[in-house]
Amino acid sequence: GYRDRVVVELAQNAADAAVRAAVPGRLLLRLTDGILTAANTGAPLDAAGVESLSTLRASTKRDGSTAGRFGVGFASVLAVTDAPRIASGTGAVRWDAAMARAIVEQVPELCAELDRRDGQLPVLRLPFPWSGAGLDGYDSVVELPLRDAAARDLAEQLLAEVDDALLLALPGLAEVRVEIGDQGRVVSGADRWQVVRRIGTHSANLLADRPVEERDRPDWSITWARPRAGQPVPAMLHAPTATDEPLDLAALLVASFPLDPTRRHVAPGALTDALVTESAAAYVELVLAVDDPIERYAMVPGPVATGRLDASLRRAVSDALRESRWLRSVDGAAVAPRDAVAVAGAPERLLAICADVVSGLVPAHPALALLGVRRMQLVDLVDVLAEVDRPVAWWHDVYAALATEPLDAEALGALPVPLADGRVVRGPRGALLPGDGLPAEVAALGLRLVHPDAAHPMLQRLGAENATPLTVLARPEVRVAVEAAWDEDDPDEVAGAILGLVAAAGVGAGELPWLAALALRDTDGELTPADELVVPGSALAGLADPGSVGEVHPDLVSRWGASVLAAVGVLADPTVAELHDFQLDPETAAADEELSGLGDWVASLQLRGPAYVAELRGVRELDVIAEDAWWRLLARVAGDPILRSAVLDPALLDTAGGGRTRATSYTAWWIRDRGRFDGRRPSDWALPEAGLDGLYDRLEPPADLPVELLAAIGVRTSLATLLAEPGGPDDLLDRLGDSRRSVPEGVLAAAYSALAEIGPDSVGAPSRVRVAAGLVAPAERVVVIDAPHHLQLAWADPPLVVPLPIAAALADVLDLDVSSSRLSSNVGGGTERPVPAEVRELLPAAPTTWWEHEELTVADTEVSWWVDDSGRVHSCTSDGLAWGLSWVGGRWSLRWAVAAVLTEPARLAELRAELRLDQP
């Protein structure tokens, strides 16, 4: 069991000798020429020592040495030699296995015992005189002739392992010199260790179960040594020399623990437990001697032990550290872990600021969890801070401290923030960091504006915003303040704040339409919504209805100017609103605050499904225009490209099926529907060149008004554009059916010709129909003449006579009967006659015969000609025959020529030549 302890045991004997002589211990360990030499200073070997070595009993010394003197430990030399020898100032002695064997073999009764031991015998039982001498400078020398190569290898290994830990284990040694061949080194670096030593005396009851020699030596000692330069710590207990008892602590422990007979492990029991307690207390002293807090944390034992003793020491050390004031709080005070508080994730600078808020505050470290230090999360610290009352600048320091580390936005979400109005709110999100350009009255808006002395950029990382005039105007609190200003004691302060923000932000007219509800003073000092006021001398001042708007107070005009007032909705110049991706829903549109009557415009589109416009533009101020100012407004629109575009450009509607259609612009619709020009709607007027005299009042517009602008607002510019507009045909028929109007024949003919060309689905059936320029009849009594012979009858009501080619189509459009549908064309009697050849040359499609009558009566009316259902021509006059043959022959326009040929057949060639003049 002592095989690898040769060098340690030699060093221990040297240390004991130095202690006994009260001199600094020096030890030389030399390996040369196959001999391991150990020379030391101190008390020399005496007779009692030789006797102790030769009888293998415990040391004879009772003087408080740290270990026995030439006791059992010396037997470790037999691991490498069979002939150890010692030279000291008192003499020299040696032991030799061969010499001992020779003597034993001379005693018969011992030979049998030697055989039983297979030739092995206790070398140290027989000492022999030796003539060897010591070394200069040393008091004793031990020489160990090495047994073989294996012994030499072991000796070299053990000498190489000698370091300054040996000096810590054996404080009696001040220096150890190691020489192997011609290589040497000196071990004297115990000063590289931070050391705490404790000594004491055990009570008798703790030694009751220990051997008698230990009971006679009740003194104990403990040494903790921590390397100063970071060198590794031997991972075993020294008692006082190295054992096989594993330890895994941040310092080397050298202590007089009781060992088992192998001297490798600690013997369990009350004595060991007492030394564990003392070792823990000494360990705390060592921790307190360390200045660096981080290095102190490194000395906290971890949770995993390497052995039974290691586990006991860890528990004891942790308990002792928990109760000791070895931690340094952020304000520099000493605090025990049981009284400490650590905040996870908090910057140390923040902790220093909060030292007077939370007692015992220490920087967070993983080692603190091993000692049960109360842990507080950053969010918990934030809750604590919410309860403290500190100057505003103190909070700025808090934010600056937080800015030094990555932020936990969730933990800091409720961080208190002092505001400029004296409030303290929880959470930076939604707060505003004061910037340049904010008016002094901004505090009246109820904003979460951070106090200037507390403002820090870190708050922006947690959700605060930079308070520029524009970002402030975007805050919902500002809208609330505008709406609530009517009930405030000082609404002018709110108005001043809003106007100041608008001026600083450079907001344009109409950009923030909700500002139109801002309460401003009028010329009488009364509070009035901004959009019900007008800037004196502005364009709208000459256009607006005085009964609808008032003038803004002159003090506001002089302080802020017309452009700022216009930006909050005060009327100045007509402006255009732009709506993007606007859903064409009547209810949604009706709620729009920018464009009055927008819902009615959407309803007028008569949409059959979902639709929207990508961009909708309209003039805002149409609802305040005075009735006598529309011509002036129209003149301004004509001279302003933006306003003119808002009228002329149609709205492009995108439908659900992916289609696109055009609709009258909102502005044009408004002026058409609600504008009044000389007391009448635009659609009541027509331009002189429109050809609609009698139907619409003739308009003589100002010369500088473009025709397309007049057409866009509904002024009738032509019959074609009238019929092309939605509702245009119906309006035309309504006016045609108005008996109070006098319509020129040319206008009437043109109207009916145009109506005949539109589809029947484009117009509703009229209730009254104009059958002549000055005659209107109920529609149910009107018949459209669709054959010329029907004009000969005596109709109860005047028929509607139009060009025959359009008669059927017009009747269909107007939902009227044609004359053919009301008459029976059957005629009896008559003499069949041939059609003259000259007539057939003019009318190749004419029938070959006709029927002559003396008198011809149809529907109780005498007529001169008729065509029956079979297409036969009946006539009682020459002209009637010409009329009938021309109609049936499909050349109604030739009836006069046919009549001439029937009277004078010889004129055929003449008439044919004249007719060629009419051909295209």
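In what follows, the structure referred to is the one given above.
Here's what I pulled together on the structure shown here. All values reported here derive from a predicted model rather than from experimental measurement.

The next point concerns the pattern of salt bridges. With the rule as written, the count across this model stands at 46 salt bridges. R116 serves as the salt-bridge partner of E113, at 2.5 Å between the closest nitrogen and oxygen. In this pair, E113 and R116 both sit in helix α4 (residues 108-116), three residues apart, roughly one turn of the helix. In this structure E113 comes out as partly exposed when scored by relative accessible area, which is 28%. Through salt bridges with shared partners, a single network forms among R672, D684, R716, E725, D731 and R735.

What follows concerns the sheet that holds strand β42 (residues 873-875). The strands making up a sheet associate through backbone hydrogen bonding, with each pair oriented either parallel or antiparallel. Spatially, β37-β38-β42-β41 is the arrangement adopted by the four strands of the open sheet, whose pairing is mixed. Single-partner strands in this sheet number two, and they are β37 (831-834) and β41 (865-867). Sheet twist, expressed as the average angle between the axes of neighbouring strands with direction ignored, equals 30°. With four bridges connecting them, β37 and strand β38 (residues 849-852) associate as antiparallel partners. Paired with P834 across the bridge in β38 is T849. Across the sheet, helix α32 (residues 878-888) lies against β38, β41 and β42, angled at about 20° from β41, the strand it touches most.

What follows concerns the packing of aromatic side chains. What the rule picks out here adds up to twelve aromatic pairs. Taking the centre distance of 6.4 Å and the plane angle of 50° together, the rings of Y666 and W670 count as tilted. A residue pair is termed a helical-turn pair when its members lie 3 or 4 positions apart in one helix, as Y666 and W670 do in helix α24 (residues 666-674) at four residues. Looking at W670, the relative accessible area reads 5%, which means it is buried. Aromatic side chains W887 and W892 sit 6.0 Å apart centroid to centroid with 90° between the ring planes, which places their arrangement in the edge-to-face category. Under the relative-accessibility criterion, W887 is labelled partly exposed at 27%. For R26, the ring lying beneath its charged end belongs to Y138, and the centroid distance is 4.9 Å. The ring of W883 carries R895 above its face, with NZ or CZ at 5.9 Å from the centroid.

Each value, and the rule that gives it
- Residues numbered from 1 in each chain as written.
- Predicted model: local features only at pLDDT ≥ 70, side-chain atom pairs only at ≥ 80, totals over all residues.
- Heavy atoms only, no water.
- Salt bridge = Lys/Arg side-chain N within 4 Å of Asp/Glu carboxyl O.
- Helix = DSSP H or I, 4+ residues; strand = E, 2+ residues; numbered from the N terminus.
- Buried < 20%, exposed > 50% of the residue type's maximum accessible area, 1.4 Å probe, protein only.
- Pairing = 2+ DSSP bridges.
- Axes fitted to C-alpha atoms, helices over the stretch in contact; angles between N-to-C directions.
- Contact = heavy atoms within 4.5 Å.
- Phe/Tyr/Trp six-rings, centres within 6.5 Å; stacked < 30°, edge-to-face > 60°.
- Lys NZ or Arg CZ within 6 Å of the ring centre and 35° of its normal.

Bear in mind that shape data such as this cannot, by itself, settle questions of function.
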